[in-house]
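One-letter residues, chain by chain:
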Amino acid sequence: PGTEHVLEIDAAVVALGNMSNPLMAKTTAGLNVNKRGNIIVEEETQRTSLDKVWAGGDIVLGAATVILAMGEGRKAAANINEYLAKK
Ligand SMILES: Cc1cc2nc3c(=O)[nH]c(=O)nc-3n(C[C@H](O)[C@H](O)[C@H](O)COP(=O)(O)OP(=O)(O)OC[C@H]3O[C@@H](n4cnc5c(N)ncnc54)[C@H](O)[C@@H]3O)c2cc1C
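Residues numbered from 1 in each chain as written. Predicted model: local features only at pLDDT ≥ 70, side-chain atom pairs only at ≥ 80, totals over all residues. Heavy atoms only, no water.

## Brief notes about the overall build of the chain
Along its length, the chain carries three helices and zero strands. Going residue by residue from the N terminus, the α and β elements of the chain occur as α-α-α. Relative to the 2.2 N^0.38 estimate, which gives 12 Å for 87 residues, the radius of gyration of the chain is 18 Å and therefore markedly larger than a compact globule would have. Taking all 87 residues of the chain together, the buried fraction comes to 20%. Across the chain, contacts joining residues at least 24 apart in sequence account for 25% of those joining residues at least 6 apart. About 7100 Å² of surface is accessible on the chain, with carbon and sulfur atoms providing 58% of the total. The positive charge centre, built from 9 side chains, and the negative charge centre, built from 10, are 12 Å apart in the chain. (Helix = DSSP H or I, 4+ residues; strand = E, 2+ residues; numbered from the N terminus. Rg over C-alpha atoms; globule rule 2.2 N^0.38 Å. Buried < 20%, exposed > 50% of the residue type's maximum accessible area, 1.4 Å probe, protein only. Contact = heavy atoms within 4.5 Å. Areas by Shrake-Rupley, 256 points an atom, 1.4 Å probe, with all protein chains shown as cover. Lys, Arg positive; Asp, Glu negative; His and termini not counted. Charge placed at Lys NZ, Arg CZ, Asp CG, Glu CD.)

## Examining a nonpolar patch on the surface
Taken together, the side chains of Val66, Ile67 and Met70 make up a nonpolar region of the molecular surface, amounting to roughly 350 Å² of accessible area. One can find Ile67 in helix α3 (residues 66-86). (Patch = residues over 30% accessible without salt bridge, like charges linked within 9 Å, V, L, I, M, F, W, Y side chains within 5 Å. Salt bridge = Lys/Arg side-chain N within 4 Å of Asp/Glu carboxyl O.)

## Here we look at the site of the ligand
The environment of the ligand is made up of Leu16, Asn18, Gly56, Gly57, Asp58, Ala64, Thr65, Val66 and Ala69. Within the contact set of the ligand, an oxygen atom lies 2.8 Å away from a side-chain nitrogen or oxygen of Asp58. Between the ligand and the protein, one listed contact pairs an oxygen atom with a backbone N or O atom of Thr65 at 3.4 Å. Notes on the ligand: free accessible area 1000 Å², of which the protein chains cover 27%. (Near = heavy atom within 4 Å. Polar contact = N/O pair within 3.5 Å; in protein donor to acceptor, adjacent residues only side chain to side chain.)

## What to know about the confidence of the model for the chain
The predicted structure's coordinates, where accompanied by low pLDDT, should not be read in detail. Across the chain, pLDDT averages 95, with 100% of residues at or above 70. Confidence, expressed as mean pLDDT per element, reaches its minimum in the chain at helix α1 (residues 22-27) with 90 and its maximum at α3 with 98. (pLDDT = per-residue confidence, 0-100.)

Okay, here's the thing in structure tokens:
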């Protein structure tokens with residue numbers, strides 16, 4: 001509350017993107033991405049090419065759906081749990 005304010009404008013353009021951020025691959029050595037810049041993971045586990053890094057959702061699939069992102073999140077969480085339990 002109290003943070004709202006009114007801007008006088010002529011038009012509002014909503015800018016939404018579905019692309020991966022190219023900086024991610026450029027600044028993260030050893031992270032394998034495909035030609036579209038999406039992270040490559042092991043399908044069964046969501047593990048990336050980096051140790052102790054899992055990925056899922058749009059950054060892996062490209063523009064997809066909430067259900068698919070949630071599914072990959074669950075798969076990654078299960079594998080992280082398995083990994084930690086073994087340690
Ligand atoms: C306009 C639009 C409409 C859509 N409508 C539907 C729909 O009706 N039904 C449906 O199922 N799907 C829809 N989708 C797709 C759905 O939104 C995505 O598939 C889903 O949100 C992917 O979830 P995610 O967790 O993988 O990624 P995201 O929801 O994109 O979450 C990634 C998060 O990471 C954060 N982030 C990014 N970079 C950094 C950083 N460097 N540091 C910290 N945080 C960072 C972002 O701010 C974001 O919060 C729509 C997408 C768009 C763009």
